[in-house]
2 protein chains.
Amino acid sequence: MDAVKAQKLTVGFEGGRYDILIGKGLLRELGGLLAPLRKNAPLAVVSDENVWAAHGETFASSVDSFDPVIVLPPGEGIKSLEGLSRLYGDFARRKLTRNGLVAAFGGGVIGDLAGFAAATWMRGVRIVQVPTTLLAQVDSSVGGKTAVNLPQGKNLAGAFHQPELTVIDPAVLDSLPERERRCGMAEVVKYGAIRSRSLFEALLEDGEPDLAGLIHTCCQIKAEIVARDERDFGERMLLNFGHTLGHAIEKSGGFETYRHGEAVAMGMVLAAEAGEAMGFTEPGTVNALRRALTAQGLETEYPGDLMSLFPLLSADKKSAGGGVQMVLLRRVGEAFTRHVAFEDLKRIF
Amino acid sequence: MDAVKAQKLTVGFEGGRYDILIGKGLLRELGGLLAPLRKNAPLAVVSDENVWAAHGETFASSVDSFDPVIVLPPGEGIKSLEGLSRLYGDFARRKLTRNGLVAAFGGGVIGDLAGFAAATWMRGVRIVQVPTTLLAQVDSSVGGKTAVNLPQGKNLAGAFHQPELTVIDPAVLDSLPERERRCGMAEVVKYGAIRSRSLFEALLEDGEPDLAGLIHTCCQIKAEIVARDERDFGERMLLNFGHTLGHAIEKSGGFETYRHGEAVAMGMVLAAEAGEAMGFTEPGTVNALRRALTAQGLETEYPGDLMSLFPLLSADKKSAGGGVQMVLLRRVGEAFTRHVAFEDLKRIF
């Protein structure tokens, strides 16, 4: 078999570093990539029904002799304390010891849930992230944030737990439903909006985008930011552009109506509108953002009542003192954070 | 009010350090001790019904203007995913933001549960430990281990989360039930057995022990060990003397029949017996251990069938390859770890 051409990024964080490998066909070489991490330790593979149906065979033919894979039902519902409890039970049955290794093979839900389970099982076992959606490949699999949702809000319980390795195979995206691809592109637009005008402009061009190239650029931006602010007390906040309002939108639809990326797309437009209205954001930015999102097939307008989002906003991790910490754009490619009063937002919306 | 005389120990760990303050009457000064950590951040106080009934008034008269204290039912049952879920709900209702502070005011169960909740709420908020049992004061409040029990085993889900400060007031032990005091003394005996012959011998003397002094010595030993091995991959294992078999004994009684300290007392004797039988432990050590434990009113003999413990042992975090990593004594005051095959243990018992 020819070796797959892979690009390597290294992410530094307090107390260590790990590699992100990006290459079409890498999934077929996963067994070899995991071998130095496995040695004689038990391996628990966590996936979901859709991912396993599409790519389980490739995975299993590369990674040999492991306990039956843990195949969870697809969807955000499993990213809960109940899902966590189930996963702990699966780890116990597989006798996953402290030297064990978890492999998260799926989208953001699987990465976040398996990541949090690994962060807390026996106070922490190692994890390898093998993201299978565009959203997870450009965003959630890099940076070590793990979490589950609570009835009170999204991602309210979680941990920082950096992986040993992240393996990204853009070839698995060929089977990705169009809606999932769009959701991922929302985060790609975000990276352009906050940090890279050239990435942003590439998204406005006609024709098929070079996905592997986009993924590499996004991971590079994220790795740089995370290395400087692993614990999310400063610069890392910028990655939340569109997410504060986006989370409220997701919640308004009971995490059913809107996917994460769809909600973030609407949230970015709202944040840009707020920025323009308050005079922080270069005029024309909202329009540019709408064009880029529309080019990727994303809706840019929240169809519900904006006022209904405020009670949800005040439950946000970043809310305090009658307002919320928001990411605003100065212009495309440049972002900053600012505390915005709910009153001001209400007047604008 | 006269200032309380307090002793200070400093615990170093990767990425920081924190103080342990020990002094009779310190609880009355808690408000002042917390002030520099609180500033304008929200504070969530977690306690249990018994502790709050006995010491809530003192606490509340020192620490002013906080949201209603979270008073949980007493007992190990709350140290579960269900208890964790309840605590998350309480944090949400109190609008505990990322800059917030949790104060755990209770025994080991409260410290472990509130500690794990703080470690994971919004991916980590700060915690102050105010232990109220002898067991928690000499052991569980120092070192940053937090956890909940799962149906599959004790402390299976958890995190390392160092406190900002630990405040120990031995005066609160005056209201401690005799059984709880005995349980704490089991851990004090443990510190003597693994690290300090002089501490061990002090426990054999007649008369009331100087509790504040004992607590200081135990915290000092633990702080030294934890500073060298925060993540429990080496020396910290020694603190588990008696705990591997102890956990199995606790589990055999459904966490009802035997308290932690009672089970650890029996576990230490069994570990010493195993060590003597295998020729690792100086003859006479078992007898010395029995004398020290009996002097503290502790039972030294597991009344059940020892063979029934083995299935429970193999579910232990430290079990692997048909055996378990055990802490053995060379003599009183000196311990080491060794992998012991279940076969060998069965033959001895």
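Quick caveat, the model's predicted, so the values are computed rather than measured. (Residues numbered from 1 in each chain as written. Chains lettered and ligands numbered in written order. Predicted model: local features only at pLDDT ≥ 70, side-chain atom pairs only at ≥ 80, totals over all residues. Heavy atoms only, no water.)

With that settled, the discussion passes to the overall build of chain A. If you tally the helices and strands in chain A, you get 13 helices and 12 strands. Here the C-alpha radius of gyration of chain A, 20 Å, is about what a compact globule of 349 residues would show, namely 20 Å. Along the first, second and third principal axes, the C-alpha atoms of chain A reach 60 × 40 × 35 Å. Taken across its 349 residues, chain A has 60% of its residues classed as buried. Expressed as a percentage of contacts within chain A between residues at least 6 apart in sequence, the contacts between residues at least 24 apart total 71%. (Helix = DSSP H or I, 4+ residues; strand = E, 2+ residues; numbered from the N terminus. Rg over C-alpha atoms; globule rule 2.2 N^0.38 Å. Buried < 20%, exposed > 50% of the residue type's maximum accessible area, 1.4 Å probe, protein only. Contact = heavy atoms within 4.5 Å.)

What follows is about the packing of helix H6 (residues 178–195) of chain B against helix H10 (residues 260–277) of chain B. Residue and element names in this part refer to chain B. Contact geometry for H6 and H10: axes closest at 7 Å, N-to-C directions at 40 degrees. Taken together, the axes of H6 and H10 lie oblique to each other. For H6 against H10, the interelement crossing comes out left-handed. Touching Arg-179, Arg-182, Cys-183, Ala-186, Glu-187, Val-189 and Lys-190 of H6 are His-260, Gly-261, Glu-262, Val-264, Ala-265 and Met-268, all from H10. (Axes fitted to C-alpha atoms, helices over the stretch in contact; angles between N-to-C directions. Parallel < 35°, antiparallel > 145°, perpendicular 65-115°, else oblique. Left-handed = near helix turned anticlockwise from the far one by under 90°.)

Residue and element names in this part refer to chain A. Looking at the secondary structure, you find Cys-183 in helix H6 (residues 178–195). Of the residues examined, Cys-183 reaches a relative accessible area of 3% and is grouped as buried. Sequence-wise, Cys-183 and His-260 are 77 residues apart; in three dimensions their C-alpha atoms are separated by 6.9 Å. Leaving out residues up to four positions away in the same chain, Cys-183 has contacts with Leu-135, Arg-259, Gly-261 and Glu-262.

Any two side chains of opposite charge can pair, on the condition that their charged atoms come close. Residues and elements named next belong to chain A. If you walk through the whole model with that rule in mind, you get 44 salt bridges over all chains. The closest approach of N and O atoms between Asp-139 and Lys-222, which form a salt bridge, is 2.9 Å. Highlighted residues: Asp-139 in helix H5 (residues 134–140) and Lys-222 in helix H8 (residues 211–228), separated in sequence by 83 residues. Across the pair, Lys-222 and Asp-139 agree in class, each one buried. What you see here is one network of salt bridges that share partners, running through Asp-139, Glu-187, Lys-190 and Lys-222. (Salt bridge = Lys/Arg side-chain N within 4 Å of Asp/Glu carboxyl O.)

This next bit is on the packing of helix H3 (residues 81–93) of chain A against helix H4 (residues 108–120) of chain A. Residues and elements named next belong to chain A. Packing of H3 against H4 brings their axes to within 10 Å, and their N-to-C directions diverge by 60 degrees. Between H3 and H4, the angle is such that the two are oblique. Between H3 and H4 lies a crossing of right-handed hand. On H4, the residues touching Gly-83, Leu-84, Leu-87, Tyr-88 and Phe-91 of H3 are Leu-113, Ala-114, Phe-116, Ala-117, Ala-118 and Thr-120. For the contact of H3 with H4, the class distribution of residues is nine nonpolar, two polar and no charged. (Nonpolar A, V, L, I, M, F, W, Y, C, P; charged D, E, K, R; others polar.)

All names here are of chain B. The element strand E6 (residues 126–131) is largely enclosed, with a buried count of five among its six residues. Summarising the sheet, strand E5 (residues 101–106) and E6 pair through six bridges and their orientation is parallel. Looking at the pairing, Gly-106 lines up with Pro-131 of E6. Note that the unit made of E5, helix H4 (residues 108–120) and E6 has a crossover that is right-handed. (Pairing = 2+ DSSP bridges. Right-handed = clockwise from strand over helix to strand, strands pointing away.)

So, about the domain arrangement of chain A. Residues and elements named next belong to chain A. For chain A, the assigned domains read domain 1 (2–175) and domain 2 (178–348). Computed over C-alpha atoms only, the centres of domain 1 and domain 2 are separated by 25 Å. Every contact between the two is made by 30 residues of domain 1 and, on the other side, 31 residues of domain 2. Between domain 1 and domain 2, the buried area comes to about 2600 Å², and carbon and sulfur atoms account for 66% of it. It is Leu-134, Val-138 and Lys-154 that lose the most area in domain 1 upon contact with domain 2, and together they represent 23% of the buried surface on that side. Our count for the contact surface shared by domain 1 and domain 2 stands at four salt bridges. Measuring nitrogen to oxygen at the nearest pair gives 3.8 Å for the salt bridge that ties Asp-139 to Lys-190. Here domain 1 and domain 2 share nine residue pairs in polar contact (both at pLDDT 80 or more) between them. Counting residues per element, the ones that place at least two in the side of domain 1 that touches domain 2 are strand E1 (7–13), strand E2 (16–22), H5 and strand E8 (153–160). (Domains from an automatic or database assignment. Buried area = accessible area lost by both parts, 1.4 Å probe. Polar contact = N/O pair within 3.5 Å; in protein donor to acceptor, adjacent residues only side chain to side chain.)

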